[in-house]
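Close look at the chain arrangement
Here's the letter readout for the chains.
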Amino acid sequence: MTLGILRGKDKAKYGDRVPPNQKVTEGFPVLTYGGTPHADTKDWKFGVVGLVEEELSFTWDEFLALPQTTITTDIHCVTGWSKLDTSWEGVAFRDLMERIVPKRGSSYVMVHCYGGYTTNLSLEDLMADNVLFAHHHNGEPLAAEHGGPCRLVVPHLYFWKSAKWVRGIQFVDQDSPGFWEQYGYHNRGDPWNEERYA
Ligand SMILES: Nc1nc2c(c(=O)[nH]1)N[C@H]1C(S)=C(S)[C@@H](COP(=O)(O)O)O[C@H]1N2
Ligand SMILES: [Mo]
């Protein structure tokens, strides 16, 4: 009952498309802890490390030579805004997984970023539809403040899981909290269940 009332206008306007207690924004707020790190494409590297049969490293050109996917999806920030029909182009996590053989029991991933930010995800969440490492947003190269040259997009979880300025992924057999998760954000962050804080 209470939740229904709080959903207010946007519930009336957008129906069940917007998760509880979120408001639709037309803008694109920037939410970064600290400054915008420099990650020039000429010395950019993307590493696949940890519990995998073979560790990998991609240069920018090698990353662009992987299969490319474009998606249109809604995104939801834990601070309360949602943005509808955002489009992203990049490398789908599932396509990257065609090149990776995780070792037995390695079912979690820590995402590492230029600048030091981290976030933890299960392999299952990363294998979901529409999860990709994006280098274009709405047809334009991804702006530096939004994570350019390349960011993760995990649209079915709150947007803090969508790490900006990714530099690699680490496969692990035990889940451990990333940056915001250590400061009390929920371990998983499903917006439909309002998994905001632990
Ligand atoms: N590297 C890095 N990635 C990050 C963050 C950050 O501070 N550093 N902030 C997260 C949070 S809390 C949110 S809501 C989104 C915001 O993305 P935007 O600035 O493109 O809106 O990025 C996420 N990814
Ligand atoms: Mo956030």
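One can find the structure itself at the top, above this paragraph.
Residues numbered from 1 in each chain as written. Chains lettered and ligands numbered in written order. Predicted model: local features only at pLDDT ≥ 70, side-chain atom pairs only at ≥ 80, totals over all residues. Heavy atoms only, no water.

1. Thoughts on the site of ligand 1
Residues in contact with ligand 1 amount to 19 residues; listed here are only the nearest, Pro 29, Tyr 33, His 146, Arg 151 and Lys 164. The separation between an oxygen atom of ligand 1 and a polar side-chain atom of His 146 is 2.6 Å. A distance of 2.5 Å separates an oxygen atom of ligand 1 from a polar side-chain atom of Lys 164. Surface burial for ligand 1 is 97%, taken as the share of its 530 Å² of free accessible area covered by protein chains. (Near = heavy atom within 4 Å. Polar contact = N/O pair within 3.5 Å; in protein donor to acceptor, adjacent residues only side chain to side chain. Areas by Shrake-Rupley, 256 points an atom, 1.4 Å probe, with all protein chains shown as cover.)

2. Points about the pattern of salt bridges
This model, assessed by the stated rule, comprises eight salt bridges. Here Asp 129 makes a salt bridge to Arg 94, at a shortest N to O gap of 2.7 Å. In this pair, Asp 129 sits in the loop between helix 4 (123-126) and strand 8 (132-137) while Arg 94 sits in helix 3 (residues 93-97), placing the two residues 35 residues apart along the sequence. Where salt bridges share partners, they join Arg 17, Asp 74 and Asp 85 into one cluster. (Salt bridge = Lys/Arg side-chain N within 4 Å of Asp/Glu carboxyl O. Helix = DSSP H or I, 4+ residues; strand = E, 2+ residues; numbered from the N terminus.)

3. Some words on the nonpolar core
One finds Phe 46, Phe 133, Ile 169 and Phe 171 to be the most contacted residues of the largest nonpolar core, which totals 39 residues. Counting eleven residues, the second-largest nonpolar core is a separate cluster that includes Ile 75, Cys 77, Leu 132 and Ala 134. (Core = buried A, V, L, I, M, F, W, Y, C linked by side-chain atoms within 4.5 Å. Buried < 20%, exposed > 50% of the residue type's maximum accessible area, 1.4 Å probe, protein only.)

4. Focus on the pairing of strand 11 (residues 166-172)
Most of strand 11 sits out of view: five of its seven residues are buried. Sheet topology note: the strand 6 (residues 108-113)/strand 11 ladder contains six bridges and is antiparallel. Each bridged residue has a counterpart across the sheet, and for Val 109 the counterpart in strand 11 is Phe 171. (Pairing = 2+ DSSP bridges.)

5. Overview of the packing of aromatic side chains
For the coordinates displayed, the defined rule picks out 23 aromatic pairs. Seen in terms of ring centroids, Phe 28 and Trp 81 are 6.3 Å apart; in terms of plane orientation they differ by 70°. Their pairing is edge-to-face. Residue Phe 28 is found in the loop between strand 1 (23-24) and strand 2 (45-50), and its partner Trp 81 is found in strand 5 (residues 81-92); the two are separated by 53 residues along the sequence. Each member of the pair, Phe 28 as well as Trp 81, carries the same accessibility label: buried. (Phe/Tyr/Trp six-rings, centres within 6.5 Å; stacked < 30°, edge-to-face > 60°.)

6. Regarding the sheet that holds strand 3 (residues 56-59)
With respect to topology, five strands assemble into an open sheet ordered 3-2-11-6-7, the strand pairing being mixed. Edge positions in the sheet fall to strand 3 and strand 7 (118-122), since each has one partner strand and no second. Averaged over all pairs of adjacent strands, the angle between strand axes in this sheet comes to 15°, irrespective of strand direction. In this structure, strand 6 lies alongside strand 7, joined through five bridges in antiparallel fashion. (Axes fitted to C-alpha atoms, helices over the stretch in contact; angles between N-to-C directions.)

7. Quick notes on the state of the cysteines
For the structure shown, the criterion picks out zero disulfides. Sulfur of Cys 113: no disulfide; nearest cysteine sulfur belongs to Cys 150 and is 9.9 Å away. Owing to a relative accessible area of 0%, Cys 150 belongs among the buried residues under this scheme. (Disulfide = S-S within 2.5 Å.)

8. Quick look at the pairing of strand 5
The element strand 5 is extensively covered by neighbouring structure, given that ten of its twelve residues are classed as buried. Judged from the two bridges that link them, strand 1 and strand 5 form a sheet pairing that is parallel. Bridge pairing in strand 5 links Val 24 to Ser 82. In terms of strand pairing, strand 4 (residues 69-76) meets strand 5 through seven bridges, oriented antiparallel. Residue pairing in the sheet places Thr 72 in a bridge with Ser 87 of strand 5. With antiparallel pairing between neighbouring strands as the criterion, strand 4 and strand 5 make up a hairpin whose turn holds four residues, including Gly 80 at a positive phi of roughly 120°. In this structure, strand 5 lies alongside strand 8, joined through five bridges in antiparallel fashion. Bridging across to strand 8, Ala 92 finds its partner in Leu 132.

9. A look at the layout of surface pockets
By volume, the largest pocket is sized at about 470 Å³. Lining of the largest pocket is provided by 26 residues; of these, Leu 31, Thr 32, Tyr 33, Tyr 117 and Trp 180 occupy positions nearest its centre. Partitioning the lining of the largest pocket into residue classes produces 17 nonpolar, seven polar and two charged. (1 Å grid on protein atoms, 1.4 Å probe; cavity = no way out; pocket = protein on both sides within 12 Å on 5 of 7 lines; lining within 4 Å. Points joined across faces, edges and corners; volume = space filled by probe spheres on them. Nonpolar A, V, L, I, M, F, W, Y, C, P; charged D, E, K, R; others polar.)

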